[in-house]
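# Secondary and tertiary structure notes
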Number of protein chains: 2
Amino acid sequence: MRDLNEDTLTKETIRAVTGGKDGRISAVSEALVRHLHAFIREIEPSQAEWEFGIDFLTRVGKMCSETRQEFILLSDTLGVSMLVDAINHRQPEGVTETTVFGPFYVESRPELPLGANMSPNETGVPLFVSGTVSDIEGRPIAGASVDAWHSDDDGHYDVQVGSDLRMRARFRSDAEGRFWFWTVRPTFYPIPNDGPVGDMLAAQGRHPYRPEHVHFMIAALGQKTLVTHLFIDDDPYLDSDVVFGVKSSLVTRYRYETAGEAPDGSISLRDYLSLEYHFVLSPAA
Amino acid sequence: MRDLNEDTLTKETIRAVTGGKDGRISAVSEALVRHLHAFIREIEPSQAEWEFGIDFLTRVGKMCSETRQEFILLSDTLGVSMLVDAINHRQPEGVTETTVFGPFYVESRPELPLGANMSPNETGVPLFVSGTVSDIEGRPIAGASVDAWHSDDDGHYDVQVGSDLRMRARFRSDAEGRFWFWTVRPTFYPIPNDGPVGDMLAAQGRHPYRPEHVHFMIAALGQKTLVTHLFIDDDPYLDSDVVFGVKSSLVTRYRYETAGEAPDGSISLRDYLSLEYHFVLSPAA
């Protein structure tokens, strides 16, 4: 393998990267080199452009921290995350649709009882969220783990502003598969755009906004774990979500409720919003 | 752009990334999304594999520092650097061939007079390097900037071990286009393989070695800057260079010289090696 040139380099690189024992690693390495070289051959980068690319990826890596995952943002904004999501969720009709996981989930979120307020100290309009978890046959699933997380009414997640955990919790569905909790209304927000991904969006003439949504991750024995959002039907960014994540079946509507006794028997001293959704899980493979 | 699925996601992503004012950015973004999505569609990564990919790239970024450029290593070991090099050096017959820049060049290297020893405190066999710089018509180039850098006889560059600058300098060719300097013989070496790129090489069943070489960067007014190496003909890794950089025209041979007066009139108290090469630059566009 001396004297490799534009004609022979790709073939020889593929030979070199496919000598390992793991067939999957060989297959992915082969495809990676083939597609990556095809990209390079097509755009014919100058040395300066190659250096820019190296520096861009380095800056993306440097921006990553415990509370910021710039490579996930890059994957999200290039449509890769939704493509991987689609490939992994070719699921039966009737199952709740999936969307991106996003970079803001936190493993150590609190576990709260049904009916608890997961955002007790937030400003913003009170929001009562309720719904059910069932299997594809319509049978309620008891004891499902229902994780919810969202931004505050300024459009920031707790981890972005370095605060204690807020606006996130895990609940368990009751014997009839029901769940309910209190929180505050989130808002549309820009993804973190003070880093290289923000520079990329600006260069591509794109806004950095995601429409208002509440994240859900719902897990139950014998079912595929569901990762999705609920969106709100009057949001200005529903048709230009910077991460390509909106699905019509996930777009819901707030009910405007007056102060008084709420559906869970608690008393709301303020007018509030309510949101209801019925999640349907897909059986595990 | 709601309800994007496997069929529609790539087209919509391309629409989104090509709205900027800079035509080159649009073209590169379009090609990037098209090839990246084609790669994803072909390998159909699981969510866990996607997470591995995100984590791998993050680790590559985190490994980068002032003295370590892991993304260049990744580019080098995937054949991308040599492909970019080939694309940018479709040069006339007779011009010295190019090879990878590598991650170890240091801008602040010393400038030394011709004949100086750029490795005065090194162990290892003394090496006398000499040669000429000429243009494609064979005319000597006076005052060319001749940068040389290489590993020590343990296979480490100064910057890898955090030492002061060693085994690197810039010289200027004389009125006849000649240059000469003293150093020590380098050795073959593994590229830094204690990071994610090393993990990748191991998974791909590859050794991490580069054959022994001296880096050169030669610049002169009116000429394209030449970035290349000289290799040595008896090296065990010439045919399996981990970065695909070896070209026959760059493989040279040491002469074994006995102690005494050297070609530059200096006296070597030890037996030494000598190496001679005639560099030919390509006219600037």
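Just so you know, these numbers come straight off a predicted model, no measurement behind them. (Residues numbered from 1 in each chain as written. Chains lettered and ligands numbered in written order. Predicted model: local features only at pLDDT ≥ 70, side-chain atom pairs only at ≥ 80, totals over all residues.)

## Brief notes about the environment of A:Ile72
Summarising the element assignment, A:Ile72 is placed in helix 4 (residues 70-77). Taking the C-alpha atoms as reference points, A:Ile72 and A:Phe101, 29 residues apart in sequence, are found 9.5 Å from one another. Dropping the residues within four chain positions of it, A:Ile72 is found in contact with A:Pro103 and B:Ile54. (Helix = DSSP H or I, 4+ residues; strand = E, 2+ residues; numbered from the N terminus. Contact = placed C-beta atoms within 7 Å.)

## Quick word on the sheet that holds strand 1 (residues 126-134) of chain B
Residue and element names in this part refer to chain B. Reading across the sheet, the 4 strands line up as 4-1-13-10 and stay open at both edges, with mixed pairing between neighbours. Looking at the sheet topology across the chains shown, the edges are occupied by strand 4 (178-184) and strand 10 (255-257). In this sheet, neighbouring strand axes are inclined to one another by 25 degrees on average, regardless of whether the strands run parallel or antiparallel. Taken together, the 3 bridges between strand 10 and strand 13 (residues 272-280) define a ladder with antiparallel strand orientation. Bridge pairing links Tyr256 to Leu273 in strand 13. (Pairing = 2+ DSSP bridges. Axes fitted to C-alpha atoms, helices over the stretch in contact; angles between N-to-C directions.)

## Side note on the relation of the copies chain A and chain B
Turning chain A through 180 degrees and shifting it by 0.0 Å along the axis lays it on chain B, with an RMSD of 0.0 Å. The superposition operator between the copies reduces to a two-fold rotation axis. No C-alpha of chain A lies nearer the rotation axis than that of A:Gly61, which sits 1.9 Å from it. A high fraction, 100%, of the interface residues of chain A reappear at the interface in chain B, so the copies pair face to face through one surface. (Least-squares fit on C-alpha atoms with pLDDT ≥ 70 in both.)

## What to know about the interface of chain A and chain B
Taken together, the contact between chain A and chain B spans 66 residues of the former and 66 residues of the latter. Listing elements by their share of the side of chain A that touches chain B, those giving two or more residues are helix 1 (9-17), helix 2 (23-43), helix 3 (47-63), helix 4 and helix 5 (80-88) of chain A. Examining the composition of the side of chain A that touches chain B, we find that 15 residues originate from one element, helix 2 of chain A, more than from any other.

## Observations regarding the packing of helix 4 of chain A against helix 3 (residues 47-63) of chain B
In the contact formed by helix 4 of chain A and helix 3 of chain B, the axes pass within 9 Å of each other and the chain directions differ by 130 degrees. Here helix 3 of chain B runs oblique to helix 4 of chain A, going by the angle between their axes. For the pair helix 4 of chain A and helix 3 of chain B, the sense of crossing is right-handed. Contacts between helix 4 of chain A and helix 3 of chain B involve A:Phe71, A:Ile72 and A:Ser75 on the former and, on the latter, B:Ile54, B:Leu57 and B:Thr58. Looking at side-chain class alone, the contact of helix 4 of chain A with helix 3 of chain B contains 4 nonpolar, 2 polar and no charged residues. (Parallel < 35°, antiparallel > 145°, perpendicular 65-115°, else oblique. Left-handed = near helix turned anticlockwise from the far one by under 90°. Nonpolar A, V, L, I, M, F, W, Y, C, P; charged D, E, K, R; others polar.)

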